[in-house]
Amino acid sequence: MAHPQVRVELVVGTNFDDAMIEAVKDYPVKYIFGSHSRSLTGHGRSPSALPDVDGGRLRDHVSAAHSAGIRFLYAMNSVNLGGNEYRESFWRGLDSEVDGLVGMGVDGFIVANPLILERIKREHPAAEVAVSSFAKVTYVREIERLAAMGADAIIVHQSRNRSFRFLEEAARVARREGARLELIATDVCLWGCPFFEVHINMMGEATREDGRMPPGSIGYPFLQCAAAMAADPANLIRSRWIRPEDLGAYERIGIDRFKISSRRWSTEKIVRAVRAYSEGRYDGNLLDIMEYMAGFVAALAPKLGEGADEHRAWMDLLGRLRIENSRFPRNWIQFFVDNECEEISCEECGYCERIAAAVVSADGRQPAKIEVRVPYEIVMPLPRDGDQPGAK
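The structure displayed is predicted, hence computed values, not measured ones.

Examining empty space enclosed by the protein
Stage number 1. In total, this model carries one cavity of 30 Å³ or more according to the counting rule given.
Stage number 2. Each pocket or cavity is described by its volume, and for the largest cavity that value is around 100 Å³.
Stage number 3. If you go around the largest cavity, you meet 14 residues; those closest to its centre are Arg238, Cys341, Cys346, Cys349 and Cys352.
Stage number 4. Of all the secondary structure elements, the ones that give two or more residues to the lining of the largest cavity are helix H14 (334-338), helix H15 (346-349) and helix H16 (351-359).
Stage number 5. Per-element tally for the lining of the largest cavity: the top contributor is H16, with three residues.
Stage number 6. Looking at the lining of the largest cavity, its residues break down into nine nonpolar, two polar and three charged.

See below:
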């Protein structure tokens, strides 16, 4: 069945459900991407949130994608290799892993460490390699250098998703260098997050086969991000997601490749998002097609002890927040075309606060700013007040 579509190319995280491939094959999905839950290099999603696939399941899923005319990219986008890059055994292992994946039919790779980019392109020149947002590409010169190292696509860090002057020049330079520029459309990450580098390094430790994260560990950067969203609903708007209705603003400056970060989503949610970004419209709660932390926080709530009602309140609020997509002013994105947020104080600007007042709600009402303390102690053994250094 054909669907009315905007002229975009989608890169979609897979949950390894072959039914998902069947459901999206008539939309402009050129790539799906995924990985084993743990690997030699590691990647960018918590193993506990991903399906645990073996080699046979991966091979069959890649085959299903190819039957639908969709290419498969394997994610090995950790920036933290644990110092293993100084060991010859690591490189022998990497070559063997990549050889095996190519042998399974994997079409390309998503990487963050430039050493991995260079190695794959040297050993497998025909393999497509995309540079991950974890590489935090935010300057045009970085694009030139990565393209010279062999990158076929470069995923700009999501903090620059509304930096239109930069994006237009970045897209022009990428085209000149023979590379594609890609933007992540669906991440609800905190704008100006002080924990980004911490977060991506933790993901490397959590997803490498020899990673040092204790089993069952929960990433505390998520907790800080979630608390900030609950404390100030304007942070939901400051986050650099891209609405389906706003894709045209990016197409006009030469960007038409967008990523849906859906590796831990249900098939139903993936299809919903793919349909929305293919058709350039979505009616409903924008968070329903986003990578949003409410589910993660809901899983933490049972870990709260007695007397933690203050935390339960804001954690519950996250699950009730809505961004009513139909209420956005028609040309709301023009503010970002005309202004450079990197040069403006959010506290003094107020634009996102005004938009939040119009589109963000909880139980039909505009949520107020609240004071929130981040309860790090529920995910890590921080010393309690009064504990002495070195106490057992």
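Notes on the pairing of strand E5 (residues 128-131)
Stage number 1. Side chains Glu128 and Ala130 project from E5 onto one buried face, and the interleaved Val129 and Val131 project onto a second face that is buried too.
Stage number 2. Since strand E4 (residues 108-111) and E5 lie parallel, the crossover through helix H4 (residues 114-123) that links them has a hand, and here it is right-handed.
Stage number 3. In terms of strand pairing, E5 meets strand E6 (residues 153-155) through two bridges, oriented parallel. Within E6, the residue paired with Val131 across the bridge is Ile154.
Stage number 4. Where the polypeptide runs from E5 across helix H5 (residues 140-148) and back to E6, its parallel neighbour, the crossover connection is right-handed.

What counts and how
- Residues numbered from 1 in each chain as written.
- Predicted model: local features only at pLDDT ≥ 70, side-chain atom pairs only at ≥ 80, totals over all residues.
- Heavy atoms only, no water.
- 1 Å grid on protein atoms, 1.4 Å probe; cavity = no way out; pocket = protein on both sides within 12 Å on 5 of 7 lines; lining within 4 Å.
- Points joined across faces, edges and corners; volume = space filled by probe spheres on them.
- Helix = DSSP H or I, 4+ residues; strand = E, 2+ residues; numbered from the N terminus.
- Nonpolar A, V, L, I, M, F, W, Y, C, P; charged D, E, K, R; others polar.
- Buried < 20%, exposed > 50% of the residue type's maximum accessible area, 1.4 Å probe, protein only.
- Right-handed = clockwise from strand over helix to strand, strands pointing away.
- Pairing = 2+ DSSP bridges.

In short, geometric facts, not functional conclusions.
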